[in-house]
Amino acid sequence: MLARHLHFFVALAREKHFARAAQACNITQSTLSAAIRKLEEDLQVPLVVRSQRYLGLTVEGEHLLAWAPQILIDYDSLREDLSGLRAGLRGVLRLGVVPAAMGAVGLLTVRFRQFHPEAGIEIRSLSSREIQRALDNFEIEAGLTYLENEPLERVRRVPLYRERYVLAMRADHPLAERDTVTWADAAGCTLCLLSEDMQNRRILDGLAASLDLRLMPAVTSNSFLGICAHLRQGGFASIVPHTFRHLFGGTDDLAMRDLVEPAYRQSVGLVLSERDPLPSMAAALFRIVLDADYDMTFVDLCEPA
């Protein structure tokens, strides 16, 4: 069975039309039909309901479609692995990152590029639930997300650092004069926070509830960029991970103060598929993070000046 025949079969199942599938694969319709027939001969089962037009897949075809993504990923990973033995790792590492961890992802990817300069990196901002789906569907090689709160399933986990929380505000905000801020005082601010579909927000809401507090943001956003835009305007405050001090702590108009009573911490790390062997990109990233102390790196980078 040739991998390209399986690619053509997946395209046909996706497009549900022979001509459109052939066009998507940049081949003729007759070539597509011949490839599907060859695949059926190799597997010795019918895969497509035969007619003048596409009517659907057979039961056997549905089963093959379920297996196809993993087979194709394994084939591509094998090619990358064998190629990497000769000329170094190439291709693209696809990484899903929860918004709250975007302040940390640079340390991870820069280290990866130091070891694999010929490889590219594609970073996708995803919720933790989207990371789970993307891993299950072979759409990403790894994710950067929370490990303890709402833990993902069917993954191997590598802890990287312990996230703390700070109150971010403009430097002329009344609470900016303090060295630290309590959660009770933070809850009383005019807040802008991540939306409730984000795990970071659910963590903050849960912590507030454990303290008999309720966070009532005036503005919500699914992006920290939207939150920062409101902080710059003044009057707003936000509860953000301490890693954002590394990104924005050098600006004179913004202040970040540690949240205390309690000084809460949450484990953040890398998640990868449980498959063995791992795809070449995922395996390379896995080897790199095992040798680094990212928690100490963030202590150095993110402590207040």
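In short, a report on the structure. (Residues numbered from 1 in each chain as written. Predicted model: local features only at pLDDT ≥ 70, side-chain atom pairs only at ≥ 80, totals over all residues. Heavy atoms only, no water.)

Some details on the pattern of salt bridges
Part 1 of the argument: Within this structure, the stated rule accounts for 15 salt bridges.
Part 2 of the argument: Between Glu 150 and Arg 202 there is a salt bridge, with the nearest N and O atoms lying 2.7 Å from each other. Residue Glu 150 is found in the loop between strand S3 (142-146) and strand S4 (155-163), and its partner Arg 202 is found in helix H8 (residues 199-210); the two are separated by 52 residues along the sequence.
Part 3 of the argument: Residue Glu 150 is classed as partly exposed on the basis of its relative accessible area, which comes to 31%.
Part 4 of the argument: Here Arg 202 falls in the buried class, since its relative accessible area comes to 17%.
Part 5 of the argument: The salt bridge partner of Asp 205 is Arg 201, with a shortest N-O separation of 3.1 Å. Taken as a pair, Asp 205 and Arg 201 lie in helix H8 at a separation of 4 residues, close to a single helical turn.
Part 6 of the argument: On the accessibility criterion, Asp 205 (24% relative accessible area) is partly exposed.
Part 7 of the argument: Owing to a relative accessible area of 4%, Arg 201 belongs among the buried residues under this scheme.
Part 8 of the argument: One continuous salt-bridge network, built from bridges that share partners, spans Arg 14, Glu 15 and Arg 20. (Salt bridge = Lys/Arg side-chain N within 4 Å of Asp/Glu carboxyl O. Helix = DSSP H or I, 4+ residues; strand = E, 2+ residues; numbered from the N terminus. Buried < 20%, exposed > 50% of the residue type's maximum accessible area, 1.4 Å probe, protein only.)

Examining the sheet that holds strand S10 (residues 254-260)
Part 1 of the argument: Strand order in this open sheet of 4 strands is S6-S10-S5-S9, and the pairing throughout is mixed. Edge strands, defined here as strands with exactly one partner in the open sheet, are strand S6 (180-182) and strand S9 (237-241). Direction aside, neighbouring strands of the sheet carry axes that sit 40° apart on average.
Part 2 of the argument: As paired elements, strand S5 (residues 165-170) and S9 share 5 bridges and run antiparallel to each other. Across the sheet, Tyr 165 pairs through a bridge with Pro 241, a residue of S9. (Pairing = 2+ DSSP bridges. Axes fitted to C-alpha atoms, helices over the stretch in contact; angles between N-to-C directions.)

Let's talk about the packing of aromatic side chains
Part 1 of the argument: Per the counting criterion, the structure on display carries 4 aromatic pairs.
Part 2 of the argument: Residues Phe 18 and Tyr 54 carry aromatic rings whose centres are separated by 6.3 Å and whose planes lie at 70° to one another, so their mutual orientation is edge-to-face. Here Tyr 54 lies in the loop between helix H3 (29-43) and helix H4 (59-87) and Phe 18 lies in helix H2 (residues 18-24), a separation of 36 residues in the sequence.
Part 3 of the argument: Taking relative accessible area as the criterion, Tyr 54 reaches 13% and is therefore assigned buried.
Part 4 of the argument: Considering the side-chain rings of Tyr 165 and Trp 183, the 6.3 Å spacing of their centres and the 65° angle between planes classify their relative orientation as edge-to-face. Of this pair, Tyr 165 sits in strand S5 while Trp 183 sits in helix H7 (residues 183-187), and the two are 18 residues apart along the sequence.
Part 5 of the argument: Its end group placed over the ring of Phe 286, Arg 156 keeps NZ or CZ at 5.5 Å from the ring centre. (Phe/Tyr/Trp six-rings, centres within 6.5 Å; stacked < 30°, edge-to-face > 60°. Lys NZ or Arg CZ within 6 Å of the ring centre and 35° of its normal.)

What to know about the sheet that holds strand S1 (residues 92-97)
Part 1 of the argument: Spatial ordering of the open sheet is given by S2-S1-S3-S11-S4, a layout of 5 strands whose pairing is mixed. The sheet is open, and its two borders are formed by strand S2 (120-125) and S4, each paired with just one other strand. Strand-to-strand, the axes of this sheet are offset by a mean angle of 20°, without reference to chain direction.
Part 2 of the argument: Pairing of S1 with S3, which is carried by 3 bridges, proceeds in the parallel orientation. In the strand pairing of S3, Gly 96 is matched with Gly 143.
Part 3 of the argument: Against the sheet, helix H6 (residues 128-136) contacts S1, S2, S3, S4 and strand S11 (266-273), and its axis sits at roughly 155° relative to S3.
Part 4 of the argument: Packing against the sheet, H8 makes contact with S3, S4 and S11, and its axis sits at approximately 20° to S3. (Contact = heavy atoms within 4.5 Å.)

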